[in-house]
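Architecture and fold: a report
Next come the chains, spelled out residue by residue.
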Amino acid sequence: MQRPLVVFSLLFANGLALGLTFPPWLHDAGDPAKGALLISCVLTLAMIVYGSDRHLTAAPSFAPRVKAPALRWLLYSLIVITAAFYAAQAAQITSSITTDQDERITVRGTITEAQYSPERRTYRLRLENGEIIGLRQFGPFGSRSEAGATTEAALTGAGATTKAIALTEADATTEAGSVYVNQIVRATGKIQRPSPPRNPGDFDYQAYLWRQGIAVELLLDRQGGLELLSPEEEAFVRSRTGILTSIIDQIQATAARQRLNLEAFVDAATAPEEGAIIKGILFGGQAGLSPADRDAFRLTGVAHAFAVSGANIAVITASVLWILQGHPRFRLPLRPSLALTAVIITFYSWMAGFPPSVQRALAMALMALLARGLSRRTDPPTLIAAAALPLLLWEPLMIADPGFQLSFIATWGIIYLLPALTPRPSRTSQESISSQPSIGSGPSITLSMLAAYQEGAVTVPTEAVGEAKGKSAGPEQDVARDATHNEAGAAAEDGASGSPWTQKLRQGLITAACLTVAAQIAVAPLSIYHFNLFSLAGFVANLAAGTIIGLVTNIGMAASVLQFISTDLAALLLQPVALLVSIMRTALQFLAELPGAALTIASPHPLWIVLFYGLLLLWREFRLDHLSPKHSAWILQFAPPGALLLMALIAFTWWWPQPLRVVFLDVGQGDSIVIHPPTGDPILIDAPGPARSWGNQSNSGPATPRDPGATTVLPYLNRTGTTRLSAVINTHADQDHIGGLLAIIKAIPVERLILSPSPEPNEAYLSLLELAQQRGITVVEAPAPESDLAPLAAQKHDPPLHLHVLYPTVDSRPENINDSSIVTALTYGSLRLLLTGDVDKNGQEQLLKHFSDSNQEQPLLAHIVKVPHHGSSRTFHSNLPPATQPRLAIISVGKNTFGHPAKTVIDAWANTGATVLRTDHHGAVTIESDGTIMNWRTMLRNPMIMSPQ
């Protein structure tokens, strides 16, 4: 086996994935994606096992027919099983803190990480027993630009450096942050135990903390949550800290102080918009970006610029080596140069906070430098495996981190796909190449080579490490040689078509374009799966922005060093960078506003992702003639029918009848229901906005309340690939039903807006009405009783879907906003749902009276009822439960001070034989039905299946 470390790492990673997928204590065992993920892991394992014996051997790919010995199969199984058990055990994160949720406690420990923004501060605190907990403190705080005012005032004087450094070591009153890394503090606040996802597609904040080894957080008060210890107490705590831990803490503190110092300097020397982007590129994060800039970077696929990764490490590595080794006469010895470079990039990684992408990039860079110093050959796939394996051994939950996945898959894409994407040389040009020196010939490594190497595009050249000139390992042993050979062939074919500079420019542009395309292709499926966005403008945007990002990294780090010598020169150095960033901002905003710049796509089924990568592997091997003649002929023969079969499968999946799906989202104290018809676009009923009574909340929470419409409902719609809503229905104009609809309508096209006029003046209602008119949305105010609000296509479906208005009736006269609620009945085959909004007791009385006088037999019977007004006892009508006799009673409720839901209300619905579900206890509730059989599941409980009959 040629690459045993690669095989072991792949098997180990898939074993971890299996271990995190299967155990029931991690996720709801009834999750419908569980089986798909399990099958995907098995298929991936099968591909690895097949490839480990055929593709990763010294013989040509897929050629040998010798089966693996039984011992090897046993070894493979043991690796996978061991990794699965290891991941399952590591996933059981526990805490030594046993205090109940929201109880106040005081703890003592060392700050190991600190992040500042005007809205909040986030810390990581290492307790004396070694446990790491999270600390959150909400603002508003002074902005970083305000904190940098001292630096700005001193830019023209010699004392600027001293004042900037003093800023980062200030006491708790400093605007830049209350405490800093390596300070020992006493923290007081409320215990917060993170909840698992409560809605389909929610960001899994619990898993995010678990991957960092954090089981609990402390929600600090805005004032007085953190207290510095006295010198005597701090000395006592430090005396109990190990020597190695103390050294690491001191390095982290130095890196954090230098980062704060540089960020304050950038704030003072540049405009706020450009400064925020420069800081984000240098150290990661989007805290200072304006909403317009965030959207522009996201829609153009350049948001990765704010996640420090291999590109940053590559640019710094190449630049430092070029300075130390670039001049043929004035250069440091090789090994001291490599050692100094390693120290610099490690310190920079500490400044960036060591996210997964930096861990991967740093590990690869250090191993490459080590190989260079030892005059050894390097193999990019083995380097990737060697970088991933220690990280997964240290923290197995990292396999589920999107940043970890995208970082490694992008590097793999560049290494693996670049040879197949670059132009291939003709036979004549191949002969001319053979007489040319290798790209690595010469005494030093160039900047462009190291930058490409860090992303995996080329390997350390043979001649540069002292091996025999011209020695080649073949396409399977060194995939980078294919890329180098193809690029050189393309340049040789150009021949005398231009000057050497023209040829180099063209070759550089081709290589840069191929690098971008390779990375984009590799990350596209996972990016869509995690973020539901595919940027069509990303290919152009990344190609242009990549150069600017490299310049920002280089010049920004140079300015950080130069400011200690001359603040004037350092500030002057930042000006062209700010100009380039401003140009990039303008260009990206222009691209983002183009029609079709980005597509919202539903998260693909895991099996489609496996199929995509399988076909990608096959295409690459076929493109580079790595397949045996027999297999190549087999592919050529079966490719056309295979393509037709795949198209038929896609069409079958697309046109296969879909069930009705109704999702009662967990939006806290409010309502939001999404109806996915079998055909046509979804219908949204209500979305709550920011709470109006936020001023009465505890002083430990955010200064401004969150908008569930923007933070919960909109991400769910994006997750399901919703690009258009057939109707948005606002049952009534209360803030917990209407406030979030503004964010929805701004983001997603809407065909119809159906409103219930408010009996009293309402600002939210008028704002929504004005926005709808601006966007040309058809507005229906006070829909007629018995009118059908379902899309026309759904009404014609078999069975038909209807959404009839039951209330307000013709003779009803709403007395308040709640009584104006639109009550609807959804019918699909034999299934019936009653959606009641917040209809008051008076409205329920009118509803019961109206339908009891009608000729219909038991008109209010329903299999599922959305309980009115969050289960309030004040508006509860005792005759409604027996009149509806539901199988499910769903209460949409969150944390509140109104006593919702009342126990008497819960008991009344339960006494009718209904199963009562609460979104605050069960999370989102999903109903699916084909019109005959109904099944339901909750995010935090197992599913139940029943017949509506």
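Residues numbered from 1 in each chain as written. Predicted model: local features only at pLDDT ≥ 70, side-chain atom pairs only at ≥ 80, totals over all residues. Heavy atoms only, no water.

Just so we agree on the cut-off: UniProt positions are given in the numbering used here, feature names are shortened, and annotations may be inferred rather than shown by experiment.
You'll find the chain entered in an unreviewed UniProt entry as ComEC/Rec2-related protein, with Heliophilum fasciatum given as the organism. Quoted verbatim from the Subcellular location (unreviewed entry) heading of the UniProt record, the comment on the chain is "Cell membrane".

1. With respect to the overall build of the chain
Condition: Elements are defined by DSSP. Helices are runs of H or I of four residues or more, strands are runs of E of two residues or more, and each kind is numbered from the N terminus. Exposed residues in this analysis have more than 50% of their type's maximum accessible area, buried residues have under 20%, and partly exposed residues fall in between, with area computed by a 1.4 Å probe over protein chains only. Only the protein chains shown count as cover for residues, with accessible areas throughout obtained via the Shrake-Rupley method and a probe of 1.4 Å.
Looking only at helices and strands, the chain has 34 helices and 23 strands in total. Considering the chain as a whole, with its 949 residues, one finds that 51% of them fall into the buried category. As presented, the chain carries roughly 42,400 Å² of accessible surface, and 62% of it is formed by carbon and sulfur atoms.

2. Here's the deal with the pattern of salt bridges
What counts here: In what follows, salt bridge is the name for a side-chain nitrogen of Lys or Arg lying within 4 Å of a carboxyl oxygen of Asp or Glu.
Here the structure, examined in full by the defined rule, presents 22 salt bridges. Salt-bridge contacts for Asp 295 lead to Arg 298; the nearest nitrogen and oxygen are separated by 3.8 Å. Residue Asp 295 and its partner Arg 298 are located together in helix H11 (residues 291-299), separated by three residues, close to a single helical turn. Classification of Arg 298 by relative accessible area gives partly exposed; the value is 41%. As a salt-bridge pair, Asp 671 and Lys 866 come within 2.6 Å of each other at their nearest N and O atoms. Placement of the pair is Asp 671 in the loop between strand S9 (660-664) and strand S10 (673-676) and Lys 866 in strand S18 (residues 864-866), with a sequence separation of 195 residues. Look at Lys 866 and you get buried, because its relative accessible area is 1%. Residues joined by salt bridges that share partners form a network here, namely Arg 108, Glu 128, Arg 186, Glu 227, Glu 233 and Arg 240.

3. Details of the packing of helix H14 (residues 356-373) against helix H16 (residues 402-421)
Describing two packed helices takes the angle between their axes plus the distance from one axis to the other. So the rule is basically this: Inter-axis angles, ranging from 0 to 180 degrees, are taken between N-to-C directions of lines fitted to C-alpha atoms, where helices are fitted over the stretch in contact. Roughly parallel covers angles under 35 degrees, roughly antiparallel covers those over 145, roughly perpendicular covers 65 to 115, and oblique covers all other angles. It only takes one pair of heavy atoms within 4.5 Å for two residues to be counted as in contact. Note on residue classes: Ala, Val, Leu, Ile, Met, Phe, Trp, Tyr, Cys and Pro are nonpolar, Asp, Glu, Lys and Arg are charged, and everything else, Gly too, is polar.
H16 packs onto H14 with a crossing angle of 40 degrees between their chain directions and a minimal axis gap of 7 Å. When the axis of H14 is compared with that of H16, the two are oblique. Of the residues in H16, those touching H14 at Pro 356, Ser 357, Arg 360 and Met 364 are Gly 403, Phe 404, Ser 407, Phe 408 and Thr 411. Split into classes, the residues belonging to the contact of H14 with H16 amount to four nonpolar, four polar and one charged.

4. Some words on the pairing of strand S13 (residues 752-755)
Spelled out, the test is: Only when DSSP finds a minimum of two bridges between them are two strands counted as paired.
Along S13, one buried face is formed by Arg 752 and Ile 754 and the opposite face, lined by Leu 753 and Leu 755, is buried too. Both strand S12 (residues 727-730) and S13 contribute to a ladder of three bridges, which runs parallel. Bridging from a neighbouring strand, Asn 730 pairs with Leu 755 of S13. The sheet contact formed by S13 and strand S14 (residues 778-781) spans four bridges and is parallel. Looking across to S14, one finds that Leu 755 is bridged to Glu 781.

5. A few points about the packing of aromatic side chains
Keep this limit in mind: Any pair of Phe, Tyr and Trp rings, taking the six-membered ring for Trp, is counted once the centres come within 6.5 Å. Such a pair is stacked with planes under 30 degrees apart, edge-to-face with planes over 60 apart, and tilted for the rest. Any Lys NZ or Arg CZ found within 6 Å of a ring centre and within 35 degrees of that ring's normal is scored as a charge over the ring.
A full pass over the atoms with the stated rule returns 15 aromatic pairs. Consider the rings of Trp 350 and Phe 354, whose centres lie 5.5 Å apart with planes at 80 degrees: the pair is edge-to-face. Take Trp 350: its relative accessible area is 22%, and that puts it in the partly exposed class. Under the relative-accessibility criterion, Phe 354 is labelled partly exposed at 25%. Directly above the ring of Tyr 416 sits Arg 620, whose terminal nitrogen or CZ lies 4.1 Å from the centroid.

6. Considerations on a nonpolar patch on the surface
Where we set the bar: For patch building, the residue pool is restricted to those with more than 30% relative accessible area and no salt bridge; the joining distance is 9 Å between like charges and 5 Å between nonpolar side chains (Val, Leu, Ile, Met, Phe, Trp, Tyr).
Together, Leu 71, Leu 74 and Leu 78 make up a nonpolar patch on the protein surface, roughly 320 Å² of accessible area in all. Tracing the chain through its elements places Leu 71 in helix H3 (residues 70-90). Since its relative accessible area comes to 66%, Leu 71 is described here as exposed.

7. Let's talk about the environment of Gly 550
Relative to the helices and strands, Gly 550 is located in helix H22 (residues 538-562). In sequence terms Gly 550 and Asn 312 are 238 residues apart; their C-alpha atoms lie 6.9 Å from each other.

8. A few points about the pairing of S9
The buried fraction of S9 amounts to four of the five residues, a majority that puts the element mostly inside the structure. As defined by bridge partners, S9 adjoins strand S21 (residues 925-929) across five bridges and the pair is classed as antiparallel. Paired with Phe 664 across the bridge in S21 is Val 925. Sheet analysis places S9 next to S10, joined by four bridges and oriented antiparallel. Its bridge partner lying in S10, Phe 664 is registered against Ile 673.

9. Thoughts on the nonpolar core
Basically, it comes down to this: Buried Ala, Val, Leu, Ile, Met, Phe, Trp, Tyr and Cys residues that are joined via side-chain atoms within 4.5 Å together make up what is termed a nonpolar core.
Residues Ile 277, Ile 281, Phe 297, Val 302, Met 584 and Leu 588 are the most contacted members of the largest nonpolar core, which totals 52 residues. Listed by contribution, the elements that provide at least two residues to this core are helix H9 (243-269), helix H10 (272-283), H11, helix H12 (310-325), helix H13 (334-352), H14, H22 and helix H23 (567-593). For this core, the leading source of residues is H23, giving nine residues. Counting residues in hydrophobic clusters, the runner-up holds 30 residues, among them Ile 685, Leu 789, Leu 826 and Met 934.

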